[in-house]
Amino acid sequence: MKTRSSVTVAAVLLSAALLVAPGAATAAGPDGEAGARHGRPLVIAHRGASAYAPENTLAAVDKAHELGIDWVENDVQRTRDGELVVIHDDTLRRTTDAERVFPDRAPWKVEDFTAAEIARLDAGSWFGERWAGARVPTLSQYLRTVEANGQKLLLEIKAPELYPGVEGDILRVLRAEGWLDRSHVARRLVVQSFSADSVRTVHERRPEITTGFLGTPEAADLPGYAAFTDQINPSHTSLTAGQVAAAHRLKGPHGKPLTVHTWTVNDAAGAVRARDLGVDGIITNNPDVVRDALGRAGSG
Ligand code: G3P
Ligand code: CA
């Protein structure tokens with residue numbers, strides 16, 4: 001479930017958030033990479049370059065790399081035997097052939113299958129025959145591909161209410177794969193979720209990690225969020241300039257202004273609109289389209 005805030009008034013009062021002087025610079029990435037106020041918003045490939053390759057597969061990561069896109073977004077869930085896998089839905093039905101391979105296992109929930117069972121599934125054919133044989137990657141496999149490509153990861157903890165303790169599992173894998181060292185944390189990793197509790201848990205366990213909350217909190221609630229999240233990442237459908245400005249006025253847990261990365265913007269006009277609303281990043285299935293639109297808009 002996409003949970004809204006459970007942030008309390010007490011949390012607001014305890015928040016370390018500070019008002020930022022109008023006009024202060026914003027920082028989009030973990031290391032303060034250029035964002036809207038410095039130029040163009042970051043472009044982040046949603047589920048990889050998912051307009052061109054099956055979402056959340058290694059092929060989608062490679063496709064983003066081929067297009068020259070540094071940032072990829074993914075969705076992480078947990079198998080029955082505790083392996084972390086990269087898949088969006090909480091069932092295997094839409095993006096794999098689980099129904100055919102395991103006809104008696106309805107409703108094909110990710111949490112009901114072992115990693116070995118999921119590794120047998122075809123996660124590419126649904127998207128196009130040329131992708132047949134693509135697999136649901138484990139988080140470890142996924143991180144190694146992102147690493148090999150020199151890319152950066154916006155990791156979404158998907159449906160954490162289904163997987164108690166998944167935050168700790170994710171942190172363990174990130175650590176084992178070398179993604180919690182200084183350079184990754186400083187420049188290449190953001191962890192986000194629709195669950196404020198999950199984001200807060202990550203922040204409390206590894207305060208150095210840049211975090212993002214997926215949603216559109218009320219302005220009055222933002223200071224509470226700023227105690228544990230660096231990014232406020234709303235759907236573009238409900239985005240306003242006022243919301244973006246309200247986030248930019250607050251400092252997050254790392255002492256930098258909150259940043260705003262909106263999703264999922266897949267066309268040029270939407271990209272220009274989001275940029276004009278002041279966002280720091282755009283999450284998109286069509287990263288080349290968005291990048292090119294921002295380039296044109298920026299040069300005009
Ligand atoms: O990164 C934001 C976006 O992915 C959230 O929505 O449903 O695609 O995970 P969803
Ligand atoms: Ca996602």
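Residues numbered from 1 in each chain as written. Chains lettered and ligands numbered in written order. Predicted model: local features only at pLDDT ≥ 70, side-chain atom pairs only at ≥ 80, totals over all residues. Heavy atoms only, no water.

S.K.: Is there a simple way to think about the pattern of salt bridges in this case?
M.R.: Side chains that carry opposite charge are capable of pairing whenever their charged atoms lie near each other. Under the criterion given, the structure shown has 18 salt bridges. Across the pair Glu117 and Arg105 runs a salt bridge, and its minimum N-O distance is 3.0 Å. With a gap of 12 residues between them, Glu117 in helix 4 (residues 115-119) and Arg105 in the loop between helix 3 (98-101) and helix 4 connect regions that are remote in the sequence. Judged by relative accessible area, which is 24%, Arg105 ranks as partly exposed. With its nearest N and O atoms 3.3 Å apart, the salt bridge here joins Asp292 to Arg291. For Asp292, a relative accessible area of 38% gives the class partly exposed. (Salt bridge = Lys/Arg side-chain N within 4 Å of Asp/Glu carboxyl O. Helix = DSSP H or I, 4+ residues; strand = E, 2+ residues; numbered from the N terminus. Buried < 20%, exposed > 50% of the residue type's maximum accessible area, 1.4 Å probe, protein only.)

S.K.: Where do I start with the packing of aromatic side chains in this structure?
M.R.: The geometry of an aromatic ring pair is captured by two quantities: the separation of the ring centres and the angle between the planes. Inspection of every chain in the model, using the stated rule, returns six aromatic pairs. Between Phe127 and Trp131 the ring centres are 6.5 Å apart and the planes differ by 65°, which places this aromatic pair in the edge-to-face class. Grouping aromatic residues by their ring pairs yields a cluster made of Trp126, Phe127 and Trp131. Over the ring of Phe102 we find Arg105, and its NZ or CZ is 5.3 Å from the ring centre. One residue, Arg200, lies across the ring of Phe228, its end atom 4.8 Å from the ring centre. (Phe/Tyr/Trp six-rings, centres within 6.5 Å; stacked < 30°, edge-to-face > 60°. Lys NZ or Arg CZ within 6 Å of the ring centre and 35° of its normal.)

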